[in-house]
Amino acid sequence: MIYLIALAAVVIYVVATYNDLVSLKARIAASIQEIGNQLKRQVELIPNLEASVKGYLKHEKDILKMLAEARKMKDPSKKVAELLPKLQVVVESNPQLKGAEVVSNLMNELRDTSDKVMYSRRTLIDLSADYNIKVTTFPTNLIAGAFGFKSEKGFAVSEEDKETPKVSF
Amino acid sequence: MINVFESVESNKHKSWLVVAGFVGFVLAASYLMARGMAAYYGYESTGLEFLGLGLVISGVMSFASYYFSDRVVLGISGATPANRKKDFLFYTVAENMALAAGMPVPKLYKIDDTAMNAFATGRDPQHAAICATTGLLTKLNRTELEGVIGHEMSHIANYDTRLMSIVTILVGLLDLLGDWLLRSTFWGRRSRDDEDKSSGGLFLVLGLFMAVISPVIAQIIQLAISRRREFLADASSVKLTRQPSGLISALKKLGADKEPLEASNRATAHLYIVDPFKGLAKLFNTHPSLTERIKALESMA
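The following refers to the structure shown. Source: prediction; values computed, not measured. (Residues numbered from 1 in each chain as written. Chains lettered and ligands numbered in written order. Predicted model: local features only at pLDDT ≥ 70, side-chain atom pairs only at ≥ 80, totals over all residues. Heavy atoms only, no water.)

### Overview of the overall build of chain A
When its secondary structure is counted, chain A shows 5 helices and 0 strands. Ordering the α and β elements of chain A from the N terminus gives α-α-α-α-α. Overall, chain A is about 110 × 35 × 15 Å in size when its C-alpha atoms are taken along their principal axes. For chain A, the residues scored as buried account for 25% of the 169 residues in total. Considering only contacts in chain A between residues 6 or more positions apart, those separated by 24 or more positions represent 77%. In the structure as shown, chain A presents an accessible area of about 12,200 Å², 64% of it carried by carbon and sulfur atoms. Across chain A, the 24 positively charged side chains and the 21 negatively charged ones have centroids separated by 3 Å. (Helix = DSSP H or I, 4+ residues; strand = E, 2+ residues; numbered from the N terminus. Buried < 20%, exposed > 50% of the residue type's maximum accessible area, 1.4 Å probe, protein only. Contact = heavy atoms within 4.5 Å. Areas by Shrake-Rupley, 256 points an atom, 1.4 Å probe, with all protein chains shown as cover. Lys, Arg positive; Asp, Glu negative; His and termini not counted. Charge placed at Lys NZ, Arg CZ, Asp CG, Glu CD.)

Structural data, given as structure tokens:
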């Protein structure tokens, strides 16, 4: 009777550990997909953001340029008359020029998207570490060995990615 | 200096030790009170039916607050849903922390109050909500907010609402048993305890003693569990962000903010990231002191 209970306990342990390792592997695979997913989001997001910010900034630059030209003229009234309808449209749709806010929103979006990629990599790193610990530590390594589970390499950074980017203004 | 994984593990162990001590205490106290009642009624009853009845009543009373915790608490606190456009920082930080914790993004709410605070609630990660005050959202930068949201996210991932509900049920059980025993000996008939007179008397005395002191002791242990879970959530938050400095600086800002939160009350105090009342004896606090928490975080930094 005791042997039977001991045997049952061992079988339950082996099955549980096997299932654990299999589900960890599945979650590692899913986390790699998640990294791809976040990278794709970034790829789609950045050009759109860039285009909309550029569009806005150009529009603002044009207004400022026209105003500067008007200031330089000896008799600006003619230019102002030409400029006024345009300015009115601008003022109506934009109570104040808000280039700074648009750029700061862009920076926030950029930080967020790179954070998302970083955190999805983090998930892969943590899951691989959990899995590798199970594969190599006793007694789970016996079961991992018996069923041919191998260590995962996790996330690797290429040499060129390790260089600190230089910032110049 | 310990790394963040060791810190999370050691906090988990300490927390389970306190919980195990609590369960042991509840078992011993309710056993003694049940025996006391049995002795009082002259062994017509074993006292166990009182135990069962107490558990059912206490369970039913706490179940609704557990099961509907996300809706009830948000209703009390007067919170409104947050959206991505208006609360970009809050929304995206919560998305990223959920990504790091490997769980769905909780429902996000904000309370319109200039005091700085935040809380998490919900019975499991699928029915969870995180709520922050507008004061917190405007005064913290992104790194600090990640620390705070990571802390709340960890409460959800560690099933703290579930744990505290079970603890509340057990504290309620001791309250009920103690109350019944005191009332029945005060008003009730004295039985003919013909058999086993001396041990019956002993259990009655022990039971009465427990009836008086166990609700107080149980509450003190409940608060100790709550404080342990705060340390665990701090450590788990650092495990998500890997930047203890963010949470440290957020806690310092929260500590410097002396404004009390109008939307909180006794019933919801234990939920918040910092005690919304501030001050009170250490033993009766739902949260460890900020200096202790900052010290624990700095040991990981």
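Next, the rest of the story.
### Concerning the overall build of chain B
From N to C terminus, chain B includes 10 helices and 4 strands. Traced from its N-terminal end to its C-terminal end, chain B shows the element sequence α-α-α-β-α-β-β-β-α-α-α-α-α-α. Residues classed as buried in chain B amount to 54% of the 301 residues present. For chain B, the proportion of contacts with a sequence separation of at least 24, taken over those separated by at least 6, is 75%.

### Thoughts on the packing of aromatic side chains
Residue and element names in this part refer to chain A. Inspection of every chain in the model, using the stated rule, returns 2 aromatic pairs over all chains. Here Tyr18 and Phe149 contribute two aromatic rings whose centre-to-centre distance is 5.7 Å and whose plane-to-plane angle is 65°, an arrangement assigned as edge-to-face. Separated by 131 residues along the polypeptide, Tyr18 in helix 1 (residues 2-72) and Phe149 in the loop between helix 4 (140-146) and helix 5 (159-162) bring together distant segments of the chain. Owing to a relative accessible area of 32%, Tyr18 belongs among the partly exposed residues under this scheme. Classification of Phe149 as buried rests on a relative accessible area of 13%. Linked through ring pairs, Tyr18, Phe147 and Phe149 together constitute an aromatic cluster. (Phe/Tyr/Trp six-rings, centres within 6.5 Å; stacked < 30°, edge-to-face > 60°.)

### Points about the environment of Leu84 of chain A
As for its placement among the helices and strands, Leu84 of chain A is situated in helix 2 (residues 77-93). A C-alpha to C-alpha distance of 53 Å links Leu84 of chain A and Arg121 of chain A, two positions 37 residues apart in sequence.

### Looking at a nonpolar patch on the surface
Residue and element names in this part refer to chain B. On the surface, a nonpolar cluster with roughly 430 Å² of combined accessible area is contributed by Phe63, Tyr67, Phe68, Val72 and Ile76. Counting only elements with at least two residues in the nonpolar patch, the list comes to helix 2 (48-67) and helix 3 (69-77). Owing to a relative accessible area of 45%, Ile76 belongs among the partly exposed residues under this scheme. (Patch = residues over 30% accessible without salt bridge, like charges linked within 9 Å, V, L, I, M, F, W, Y side chains within 5 Å. Salt bridge = Lys/Arg side-chain N within 4 Å of Asp/Glu carboxyl O.)

### Some words on unusual backbone geometry
Excluding glycine, residues mostly have negative phi values, and the peptide bonds linking residues are mostly trans. That bond from Phe138 of chain A to Pro139 of chain A is cis: its omega, 0°, falls within 30 degrees of zero. You can see Pro139 of chain A is positioned in the loop between helix 3 (99-136) and helix 4. Notably, Tyr159 of chain B is not glycine yet its phi reads approximately 55°, a positive angle. The residue Tyr159 of chain B is located in the loop between helix 6 (142-157) and helix 7 (160-187) in this model. Not every positive phi belongs to a glycine, and Arg242 of chain B is a case in point at roughly 60°. By the element assignment, Arg242 of chain B lies in the loop between helix 8 (197-241) and helix 9 (244-256). Owing to a relative accessible area of 31%, Arg242 of chain B belongs among the partly exposed residues under this scheme.

### Side note on the nonpolar core
All names here are of chain B. The biggest cluster of nonpolar side chains holds 41 residues, and the ones touching the most others in it are Phe90, Ile130, Leu136, Val148, Ile149 and Met153. Ranked by residue count, the leading element in this core is helix 4 (residues 88-101), at 7 residues. Those residues within four positions of Phe90 in sequence are excluded, and the remaining contacts are Ala82, Leu108, Tyr109, Ile130, Ala132, Leu137, Leu145 and Ile149. (Core = buried A, V, L, I, M, F, W, Y, C linked by side-chain atoms within 4.5 Å.)

### Points about the interface of chain B and chain A
At the junction of the two partners, chain B supplies 16 residues and chain A supplies 14 residues. Taken together, the two surfaces of chain B and chain A that pack against each other cover about 1,200 Å², and 45% of this comes from carbon and sulfur. Residue Asp126 of chain A pairs with Arg242 of chain B through a salt bridge whose shortest N-O separation is 3.2 Å. Where chain B touches chain A, the interface holds 10 residue pairs in polar contact (both at pLDDT 80 or more). Elements that contribute at least two residues to the side of chain B that touches chain A include exactly helix 4, helix 6 and helix 8 of chain B. No other element matches helix 4 of chain B, which puts 7 residues into the side of chain B that touches chain A. Partitioning the side of chain B that touches chain A into residue classes produces 6 nonpolar, 4 polar and 6 charged. (Buried area = accessible area lost by both parts, 1.4 Å probe. Polar contact = N/O pair within 3.5 Å; in protein donor to acceptor, adjacent residues only side chain to side chain. Nonpolar A, V, L, I, M, F, W, Y, C, P; charged D, E, K, R; others polar.)

### Examining the sheet that holds strand 1 (residues 80-81) of chain B
Residue and element names in this part refer to chain B. Reading across the sheet, the 4 strands line up as 1-2-4-3 and stay open at both edges, with mixed pairing between neighbours. The sheet terminates laterally at strand 1 and strand 3 (118-121), the two strands that pair on one side only. Here strand 2 (residues 107-111) runs beside strand 4 (residues 129-133); their pairing, made up of 5 bridges, is parallel. Within strand 4, the position partnered with Tyr109 by the bridge is Cys131. Sitting on the sheet, helix 4 is in contact with strand 2 and strand 4, with an inclination near 145° to strand 2. With respect to the sheet, helix 6 is in contact with strand 3 and strand 4, its orientation differing from that of strand 3 by roughly 20°. (Pairing = 2+ DSSP bridges. Axes fitted to C-alpha atoms, helices over the stretch in contact; angles between N-to-C directions.)

### Focus on the side chain of Asp124 of chain B
Residues and elements named next belong to chain B. Along the chain, Asp124 falls in the loop between strand 3 and strand 4. Of the side chains bearing the opposite charge, Arg123 lies closest to the buried Asp124, which forms no salt bridge; the N-O distance is 4.3 Å. Once residues lying within four places of it in the same chain are set aside, the contact partners of Asp124 are Ile156, Tyr159 and Arg162.

### Some points on the environment of Leu170 of chain B
Residues and elements named next belong to chain B. Within the secondary structure, Leu170 is located in helix 7. The class of Leu170 is buried, set by a relative accessible area of 16%. Setting aside its immediate chain neighbours within four residues, Leu170 contacts Phe22, Val26 and Leu55.

Structural measurements only, silent on function.
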